[in-house]
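# Summary of structural features
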Amino acid sequence: MVTGELFIGNSPAMHTLLKDAARVAPTEATVVVTGESGTGKSLLARWLHEQSRRANGPFVVIDCGSLPEALLEAELFGFERGAFTGAAAAKPGRFEAAQHGTLVLDEVAALSPAAQAKLLRVIEERRILRLGGSRALTLDVRLIAVTNTDLTAAVARQAFRADLFHRLNVIGLEVPALRTRPTDIPALARHFLARAAHRHGLPPPTLAAETLSFLEDYDFPGNVRELRHAMEHALVTAAPGVICREHLPHRMTSAAALMQHRRRKPTLAELEAAYIREILQQVGWRKAEAARILGISRKNLYEKLRAYGIPYQPASRTLTNPDTPA
């Protein structure tokens, strides 16, 4: 993903987020970026760095959830030669590597209590000492913490230190879930399709009206990341042609059907559109045969296809005559 994707769409939620982020970016304030998995938190962290006065400095990310406790201090603070068995040469830590730049603590809530205490000490003193070293280094680093955990709740249940939380949470920015900004989905979907098409060397397909409607109604538990993967899946499944619902990942259409059944009964138009599609699939998309089974004229069938955004033929097939048997 690239930082430009943050600006795709014009929903009120994203407009507010980016306005707040633009005010924070040029400052030295420590920021906590929260949001569900897949919303683009790391993307926002990089954007904050790129818009700051430290943009020409290093941008270092620490995946707190993947650091083994035994290696934590060595990874964060570095070590001198001979500091421990196997330390054949000195190595700077992540804090030192981020000097004069930005350090991102990704999934900071995953740190153990002992690691949280060490991090708090560094933030308060703004100094680090390599393992086995004797000379402290004064830090000139901007900190951004990223997490999909509710840190306030974590503090309440004593899973995260309150003093560390308050040190980090000078400014809080929450990236909204994709389901809360459905008006951004069409632009994002087209963007991801275009990117995937370029990467695979394929012509970019179009999105059928019914597909866009489906995407706008879908909950997207995986957020923007799920939409990006879905568009690549659909491209490979349908290319070249039109992206229809059946080209989307099965898990999406199955989950959506279940949720729709739980929420409400389908409208008459939705039932009719689904029935027409089912008949077309059964007869191999032969319009004359489908119209006969439906008890309508071919002209009426074509009118309904246009009204419901159903393609005249499956996108994966190219027929000289759409009514010619396959």
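One can find the structure itself at the top, above this paragraph.
The sections below set out a description of the structure shown in this document. Per-chain numbering applies: the sequence of each chain, read as written, is numbered from 1 onward. Local features in a predicted model are, by the rule used here, given only for residues with pLDDT of at least 70; side-chain atom pairs are given and counted only at 80 or more, and totals for whole chains, interfaces and linings are based on all residues. To obtain the side-chain values, all non-hydrogen atoms of the structure were used and water was disregarded.

Space inside and on the surface of the protein is sampled on a 1 Å grid over the protein atoms alone, with a cavity defined as a set of points where a 1.4 Å probe fits but cannot get out and a pocket as an open set with protein on both sides within 12 Å along at least 5 of 7 lines; lining residues have an atom within 4 Å of a point. Grid points are joined across faces, edges and corners, and a volume is the space filled by probe spheres set on the points. The space that makes up the second largest pocket amounts to roughly 220 Å³. A run of H or I in DSSP becomes a helix once it reaches four residues, and a run of E becomes a strand once it reaches two; helices and strands are each numbered from the N terminus. Every element with two or more residues in the lining of the second largest pocket is listed here: helix 2 (41–50) and helix 10 (223–238). Looking at the lining of the second largest pocket element by element, the count peaks at three residues for helix 2. Tallied by class, residues from the lining of the second largest pocket come to three nonpolar, six polar and five charged. In this classification, the charged set is Asp, Glu, Lys and Arg, the nonpolar set is Ala, Val, Leu, Ile, Met, Phe, Trp, Tyr, Cys and Pro, and all remaining amino acids, among them Gly, are polar.

What follows concerns the side chain of Thr147. Residue position: Thr147 is located in strand 8 (residues 142–147). Residue exposure (1.4 Å probe, protein chains only): buried if accessible area is under 20% of the type maximum, exposed if over 50%, otherwise partly exposed. You can call Thr147 buried: its relative accessible area is 0%. For this analysis, a polar contact is any N or O atom pair within 3.5 Å, provided that within protein one partner can donate a hydrogen and the other can accept it, and provided that sequence-adjacent residues contribute only side-chain to side-chain pairs. A distance of 2.9 Å separates a polar atom in the side chain of Thr147 from the backbone nitrogen of Thr149.

Below, the discussion takes up the packing of helix 13 (residues 287–294) against helix 14 (residues 298–308). Where helix 13 contacts helix 14, the two axes come as close as 9 Å, and the packing angle between them is 95°. It follows from the interaxial angle that helix 13 and helix 14 lie roughly perpendicular. Residues Lys287, Ala288, Ala290, Ala291 and Leu294 of helix 13 form the contact with helix 14, whose participating residues are Arg298, Leu301, Tyr302 and Leu305. Each residue belonging to the contact of helix 13 with helix 14 can be placed in one class, and the counts come to seven nonpolar, no polar and two charged. To get an axis, a line is fitted to the C-alpha atoms, and for a helix only the part in contact is used. The angle between two axes follows their N-to-C directions and goes from 0 to 180 degrees. Any angle between 65 and 115 degrees counts as roughly perpendicular, while under 35 counts as roughly parallel, over 145 as roughly antiparallel, and the rest as oblique. Residues count as neighbours in contact if any of their non-hydrogen atoms are within 4.5 Å of one another.

Glancing now at the nonpolar core. Within soluble globular proteins, side chains that are nonpolar tend to cluster in buried spots. As used in this record, nonpolar core signifies buried Ala, Val, Leu, Ile, Met, Phe, Trp, Tyr and Cys residues forming a set joined through side-chain atoms within 4.5 Å. Counting residues in each nonpolar core, the largest one holds 30 residues, and the members touching the most others are Phe95, Leu103, Leu105, Val108, Leu119, Phe160 and Leu168. Where this core is concerned, the elements lending two or more residues are strand 2 (59–63), helix 3 (72–77), strand 5 (102–106), helix 5 (113–125), strand 8, helix 6 (151–156) and helix 7 (162–168). Contact partners of Leu119, with chain neighbours within four places excluded, come to Phe95, Leu105, Val108, Leu111 and Leu164. In this structure, Ala197, Leu207, Leu227 and Ile243 belong to the second largest nonpolar core, which totals 25 residues.

Burial analysis of strand 8 places six of its six residues in the buried class, the great majority of the element. Burial along strand 8 is two-sided: the residues Arg142, Ile144 and Val146 and Leu143, Ala145 and Thr147 are all buried. Two elements, strand 5 and strand 8, share five bridges in a ladder whose sense is parallel. Residue pairing for strand 8: Leu105 is matched across the bridge by Ala145. Strand pairing requires that DSSP identify at least two bridges connecting the strands.

Looking now at the environment of Ser213. If you trace the backbone, Ser213 turns up in helix 9 (residues 209–217). Taking the C-alpha atoms as reference points, Ser213 and Ala145, 68 residues apart in sequence, are found 36 Å from one another.

What follows covers the pattern of salt bridges. Salt bridges are identified by distance alone: a Lys or Arg side-chain nitrogen within 4 Å of an Asp or Glu carboxyl oxygen. In this structure the tally under the stated criterion is 15 salt bridges. Of the charged contacts in the structure, one is a salt bridge between Arg54 and Asp140, with a shortest N-O distance of 2.6 Å. Of this pair, Arg54 sits in the loop between helix 2 and strand 2 while Asp140 is found in the loop between strand 7 (137–138) and strand 8, placing the two residues 86 residues apart along the sequence. Given a relative accessible area of 31%, Asp140 falls into the partly exposed group. A salt bridge links Glu246 to Arg277, with the nearest nitrogen and oxygen atoms 2.8 Å apart. Of this pair, Glu246 sits in the loop between strand 11 (242–243) and helix 11 (250–263) while Arg277 is found in helix 12 (residues 268–282), placing the two residues 31 residues apart along the sequence. Judged by its relative accessible area of 10%, Arg277 falls in the buried class. Where salt bridges share partners, they join Glu28, Arg54 and Asp140 into one cluster.

Bringing the side chain of Asn223 into the picture now. Within the secondary structure, Asn223 is located in helix 10. According to the relative accessible area criterion, Asn223 is buried, its value standing at 0%. A polar atom in the side chain of Asn223 sits 2.9 Å from the backbone nitrogen of Leu178. Beyond its immediate stretch of four places on either side in the chain, Asn223 contacts Glu36, Ser37, Gly38, Thr39, Ala177 and Leu178.

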